[in-house]
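# Per-entry structural report
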Amino acid sequence: QEICNNLKIDKVEVRTEKDHDVKDYIQKTETEWIELKFPEELKKVHDQLKLVIKKRINAINQLGHQLPTNINKSQLLKSQRFLQSKIGKGQADFDTFKIISLLAEILKIDHALELLECQGIIPTNVYLNKILQEGKNSKTKAVKNLVIDPNFKTAIILVGSLIKRNIQHPKLNKLNELVMQELNDNQDTKIIVFTNFRDSAQEISRNFDQYHIKNKMFVGQAKKNGLGLTQKKQKEVLDQFRNGEFQVLVATSVAEEGLDIPKVNQVIFYEPTASAIRNIQRRGRTGRLE
């Protein structure tokens, strides 16, 4: 409404894919949601990380800043901004700084939970061990407190055990099944697998390699942990994909917009997206007219 007022717009018209002047230009697409059971082995790690968070929420509540037990990330960030604004106004005391430190610890473990639930064992292991290494070298109290927490230590041990036993998130097996089924139906098919994290993209790509599924990773230009594609290399990968030299592109968010990605037969979201816009952009990579 504010935009309409500022631009003196009197009328707004909306078009959907069902409107007569649009539907002729829309390709029909099908969407399928696939639910998987969270394995008991992963639940044990999940429970330990939840205990780490629970202890810190209890400590924050005792300091007078009340948080719900089932707090989500947006609420955590809101609390963090509120307390930081108090510091900016010169209204903070020792307890305020203590609560901010505890919130930082919770946010780190919340991210670990997201990796465990949505990405799998390998990315979770990489992240937890990164915190562990930071705890040895960092002077940051939040990190140091985490690495000495018994439940945090137990979570790392459990994750290491899962890796040794080659226990994976069920998503990987299901992903293999979906991709191989599509390839069996159509050898010339093109598939994009979207994932939010580079560590997950690497794991997915290695997984496909084991099953001799021709694939390439497509990530941003910035180097992170030694992984990044120059603009020239990005173009080379897309050209190979377009020419059918490999069938599966494993991509992070860099492939969502602004690039000439060829039409594909199937787009797989390795995890749900938090943004409606990103959801639309990813979906839009399939169902295109030539």
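Let me begin by describing the structure that accompanies this report.

### Things to note about the overall build of the protein
Check the secondary structure of the protein and you find eleven helices and four strands. Dimensions of the protein, computed from the C-alpha atoms along their principal axes, are close to 65 × 60 × 40 Å. Across the 290 residues in the protein, those meeting the buried criterion constitute 40%. Sequence separation of 24 or more characterises 68% of the internal contacts of the protein that already satisfy a separation of 6 or more. The distance from the centre of the 47 positive side-chain charges to the centre of the 36 negative ones in the protein is 8 Å.

### Observations concerning the environment of His-20
Mapped onto the elements of the fold, His-20 is located in the loop between helix H1 (2-7) and helix H2 (40-62). Along the chain, His-20 and Ile-100 lie 80 residues apart, while their C-alpha atoms are 54 Å from each other.

### Things to note about H2
Working note: α-helix, 3.6 residues per turn, so residues spaced by three or four point in the same direction. Between its first and last C-alpha, H2 extends 33 Å over 23 residues, near the 33 Å set by a 1.5 Å rise per residue. Among all positions of H2, only Leu-42, Val-45, His-46, Gln-48, Leu-49, Val-52, Ile-53, Arg-56, Ile-57 and Ile-60 are buried. Buried residues along H2 sit against helix H4 (94-118), helix H5 (121-137), helix H6 (141-147) and helix H7 (150-164). Positioned one or two residues after H2, Gly-64 has a phi angle of 100°, which is positive.

### Things to note about H5
Spanning 17 residues, H5 covers 25 Å between terminal C-alpha atoms, matching the ideal 24 Å at 1.5 Å per step. For H5, the full list of buried residues reads Ile-121, Pro-123, Thr-124, Asn-125, Tyr-127, Leu-128, Ile-131 and Gly-135. The secondary structure elements touched by the buried residues of H5 are H2, H4, H6, H7 and helix H9 (198-210).

### Re the pairing of strand E3 (residues 248-251)
Sheet faces and side chains relate simply in a regular strand, where the side chains alternate between the two faces. Side chains of E3 alternate between two faces, with Val-248 and Val-250 and Leu-249 and Ala-251 buried alike. Sheet analysis places strand E1 (residues 191-194) next to E3, joined by four bridges and oriented parallel. Paired with Ile-191 across the two strands is Val-248, which belongs to E3.

### Describing the nonpolar core
Ranked by internal contacts, the top residues of the largest apolar core, which has 35 residues, are Leu-49 and Phe-152. Put simply, the parts of the chain that give this core at least two residues each are H2, helix H3 (73-88), H4, H5, H6 and H7. Element by element, the count of residues in this core is highest for H4, at eleven residues. Excluding its chain neighbours within four sequence positions, the residues that come into contact with Leu-49 are Ile-109, Ala-112, Leu-113, Leu-116, Leu-128 and Ala-155. Counting 31 residues, the second largest nonpolar core, distinct from the first, contains Met-217, Leu-227, Ala-251 and Val-267.

How each quantity is defined
Residues numbered from 1 in each chain as written. Predicted model: local features only at pLDDT ≥ 70, side-chain atom pairs only at ≥ 80, totals over all residues. Heavy atoms only, no water. Helix = DSSP H or I, 4+ residues; strand = E, 2+ residues; numbered from the N terminus. Buried < 20%, exposed > 50% of the residue type's maximum accessible area, 1.4 Å probe, protein only. Contact = heavy atoms within 4.5 Å. Lys, Arg positive; Asp, Glu negative; His and termini not counted. Charge placed at Lys NZ, Arg CZ, Asp CG, Glu CD. Expected span 1.5 Å × (residues − 1). Pairing = 2+ DSSP bridges. Core = buried A, V, L, I, M, F, W, Y, C linked by side-chain atoms within 4.5 Å.

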